[in-house]
Amino acid sequence: MLLITIESLSKTYTSGMMRKKKNAVSDVTLSIESGTVFGIIGVNGAGKSSILKMILGFIRPDAGGTIRIAGKKPEDPASRQYIGYLPENPYFYDHLTAEELLTFSAASSRTPLITMRENIDELLKQTGLYEVRKNKLRTYSKGMTQRAGICFALVHDPDIVILDEPMSGLDPLGRKMVIDLIGDLKKKGKTILFCSHILNDVERVCDQIAIMHQGQLKGLFKKDQIQSGIEDLFLKTIGHAHAE
Amino acid sequence: MIGFIKKNNHLVCLFFLLILFGFLWPLLSQFRKKFSDISYIPYTTPSAISKVISLEFKGIVSDFFFLKMITSIGDKVGKHENLSKRHADYIYQSSDIITDLDPYFWDAYVLGDMTLSWGFSDIERANALLIKAGKNRPDDFRIPYYIGFNYFYFLKDNVSGAKYLMKASRLPGCPSFIPSLAARLFAKAHEIRAAIVFLDEMLKKTQNQQIAKQLSTRLKALVIVDFLESKIVEYNTRFGKQPRNLLELVERKIIKGIPEDPYGGQFYIASDGKRVFTTSRLRHVGDNQNTGM
Amino acid sequence: MLNRLTALMILTFKEGVRDRALVGIGLFSLMLMGASLVVISLFMRELNKVAVDVNLSAITFAGLMMTFFVSINLMAKDMDKHTIYCVLSKPISRSEYIWGKFLGIMLLILAAFVILTGCSTLILLITKTFYSQWFVAFEWLPFYKAVYTELLMFAVLNAMVIFFSTITTSSFITLLFSLSIYIAGQTIEEVVLYLKTQPNIALSGFVETMIDICQYILPNLAVFDMKINAAHALPISWTYLACVTAYGLIYSSILLVSASLIFRKRELM
């Protein structure tokens, strides 16, 4: 079943007094099937984040492009009912505690009260934040904030999990934890869409990989198509693009 | 020693700076005091400006201006300083602005009226303030009462005075003595008694110590004047003539001695032989206004 | 929808209520109220007026500080630090975001008002006992009514803050605009009255139309200022109260609905 479909998606940012235009994403078409782990890789500024933000409705695609999440448009808030999202370099409210933040996340997604408490405690234990759950988020280190963000994305048990650079700012243990989490989610049949520029991590968990460069989709690969290692594949794909 | 200084150089620095500061402070405040003594001018901000810039804080701004007016009056009187026409202008403008900010502020009207009438004999502007008060507090009997008082006491216009008192007596809460006072005025009764009654009523309702003190001094002086004038009448009935001076009253044992003027002046009998005046003109000696009662 | 609004309202309230600035604002207002106990003895007779003036001004002042520092900060931080991503990644629509934020901020201001009015009541009670002789023309009802209309003023002002936060990207501009609107809103009635009653100021037709337009567009915040009435225990009629309630609610709603319309189109980068 196709869960997320993206068709001829483009995004042009205009900025400054001169209305300078910059193509962040141009003509991307892809679809993500239910139950897959889908990774978008590319260098910084390749347009990965822009795609995720358009899926979540933070920014609007240029005319002509369409996005459907389980058949719903991103402008429809209901499309986010079953999405969990971790922003890049997440930053949360200074004066809230992890527990309060997760309560908000769960409550606003209409999680039943009983499962809510269980989910929160379980996730906090899993990410090692249980001891500090009553501390203000301001006191958290970068890695702890990242983990709190992961909890925020997962606490309402979403079907689709969108992670923007989930590994950034994490130590090796933290990374392993995220990879395990993604593995768990996959086992539960969740769909995971994430972008990263840490190639090895992507290789370990992805079923499908999209390589982006300068706003364009340069290649789509299934896991079994990656033989010579992801790094080679990546360089070849974007190097090939340069040669053209 | 040097080791200690090196170790705690910030502490040592702070210590010396504090000492220097301690020396400088009294010097500076002395300069400032001279400065403020020379240049202290009570200023006002026109209503058109102060009303706009005080936004929704008109009430508290009016309180602030009023406090400034009280202290400026108290300061001048306390220092027995000469009150100039400029000060009268300030009092009038200030009361006017305060009551523009808060049109119901009765104290500001009263203080303006009292200071202008008793202090400067500026009845025109005192009444102007009271008339403004009357527009904003139409049901307040005190306003026509005060205007009436100004008319008969200061302007010697008993007819207008009585007219206002009658107006006051028709308003709610008016005390019973006012109608009879109005009646006596029509009969050209003496005004000192009315002033005593008036001041007594003011005094009872005043909380501010300084103003209460001023009122009570004035009241004391008026009580003495009233007392002396009644003794002149007594002298007249007993001896069939007017006394030439107050000493004659003492000589004839009608009074024990000439009472002291709380303002520091000397009481004397006016040229008409009936009225008693004082050289202080009911102001603290040193005031050089030549108006008054 | 309701649970999403409440969740966002509580989130905003909690984030705001723990702002350290609140402690300072609260202490300042309490000090101002406390000072009224002392300052009052310097006045002549209408001590009730002065006491009410100071107390109501202290409450208003706290509200203004909260609006211009805490509320603006709550809105601006969402955009600047991208905390808005975590809110809008939930099934919360842009309009729900606007209303949820507004309700959270109003809950915060309501809480501050309740606490400060409580303290005020206590202080007025003390003054009333100490200076009972000079507390003649004092009534509680107009005092509380004045507090209520002030609260309505803050509903309009905070709706204004939210409106400006959605159309600008800088919290400084929001501060500048909402402060200007506050000042203009408090004075417009007076200025118009002044200009129209001055015979020697000849207004051209264009200027007059401009003034009329300003009068309709700007909120007339002076209608919520009942402090003078409260200070002199002048009655504030229930119909007037109903009228300003409707005015405040409608004006804030217009602002919030417009803010939603604009915000729906905004790109969050």
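Residues numbered from 1 in each chain as written. Chains lettered and ligands numbered in written order. Predicted model: local features only at pLDDT ≥ 70, side-chain atom pairs only at ≥ 80, totals over all residues.

Asks: Quick rundown of the overall build of chain C? Include the residues and the values.
Replies: From N to C terminus, chain C includes 10 helices and 0 strands. The order of α-helices and β-strands along chain C, N terminus first, is α-α-α-α-α-α-α-α-α-α. Its C-alpha atoms give chain C a radius of gyration of 20 Å, within 12% of the compact-globule value 18 Å for 269 residues. For chain C, buried positions account for 46% of its 269 residues. Put simply, 86% of the contacts in chain C that link residues at least 6 apart link residues at least 24 apart. (Helix = DSSP H or I, 4+ residues; strand = E, 2+ residues; numbered from the N terminus. Rg over C-alpha atoms; globule rule 2.2 N^0.38 Å. Buried ≥ 20, exposed ≤ 12 C-beta atoms within 10 Å, placed from the backbone. Contact = placed C-beta atoms within 7 Å.)

Asks: Outline the interface of chain C and chain B, listing residues and values.
Replies: Contact residues are listed per partner, giving 25 residues for chain C and 23 residues for chain B. Those elements that place two or more of their residues in the side of chain C that touches chain B are α3 (47-80), α7 (171-197) and α9 (227-231) of chain C. Of the residues forming the side of chain C that touches chain B, the biggest block, 7 residues, is contributed by α3 of chain C. Of the residues belonging to the side of chain C that touches chain B, the class tally is 13 nonpolar, 5 polar and 7 charged. (Nonpolar A, V, L, I, M, F, W, Y, C, P; charged D, E, K, R; others polar.)

Asks: Run through helix α1 (residues 48-55) of chain A, naming residues and quoting values.
Replies: Residues and elements named next belong to chain A. With 8 of 8 residues buried, α1 is to be regarded as a mostly interior element. Looking only at α1, the buried set comprises Lys-48, Ser-49, Ser-50, Ile-51, Leu-52, Lys-53, Met-54 and Ile-55. In the segment just after α1, Gly-57 is the residue with positive phi, at about 85°.

Asks: Quick rundown of the sheet that holds strand β6 (residues 160-164) of chain A? Include the residues and the values.
Replies: Pairing between the strands of a sheet comes from backbone hydrogen bonds, and it takes one of two forms, parallel or antiparallel. All names here are of chain A. Taken in spatial order, the 6 strands line up as β5-β6-β7-β3-β8-β9 in an open sheet, and their pairing is mixed. Each edge of the open sheet carries a strand with a single partner, namely β5 (83-86) and β9 (216-222). Going across the sheet, the axis of each strand differs from the next one's by a mean of 15°, ignoring polarity. Relative to strand β7 (residues 191-196), β6 is paired through 5 bridges, and the arrangement is parallel. Following the sheet pairing, Val-161 is matched in β7 by Ile-192. The strands touched by α1 within the sheet are β3 (37-41), β6, β7 and β8 (208-213), with β6 carrying the most contacts at an inclination of about 145°. (Pairing = 2+ DSSP bridges. Axes fitted to C-alpha atoms, helices over the stretch in contact; angles between N-to-C directions.)

Asks: Give a detailed account of the environment of Ile-188 of chain C, specifying residues and quantitative values.
Replies: Residue and element names in this part refer to chain C. Here Ile-188 shows up in helix α7. You can call Ile-188 buried: it has 20 C-beta atoms within 10 Å. Placed 73 residues apart in sequence, Ile-188 and Ile-115 show a C-alpha to C-alpha distance of 31 Å. In this structure Ile-188 touches Cys-214, Gln-215, Leu-218 and Asn-220, once residues within four positions along its chain are discounted.

Asks: An account of the interface of chain C and chain A is needed here, citing residue identities and associated values.
Replies: Taken residue by residue, the interface counts 23 residues in chain C and 25 residues in chain A. Secondary structure elements with two or more residues in the side of chain C that touches chain A: α1 (2-17) and α4 (83-88) of chain C. A total of 7 residues in the side of chain C that touches chain A trace back to one element, the largest contributor, which is α1 of chain C.

Asks: Lay out helix α2 (residues 98-108) of chain A in plain terms, naming residues and giving numbers.
Replies: For α2 of chain A, the buried fraction is high: 10 of the 11 residues fall into the buried class. Within α2 of chain A, burial applies to Ala-98, Glu-100, Leu-101, Leu-102, Thr-103, Phe-104, Ser-105, Ala-106, Ala-107 and Ser-108 of chain A. Structurally, α2 of chain A contributes buried residues whose contacts are with α3 (113-126) and α4 (142-154) of chain A together with α1 of chain C. The positive-phi residue at the C-terminal boundary of α2 of chain A is Arg-110 of chain A, with phi of around 60°.

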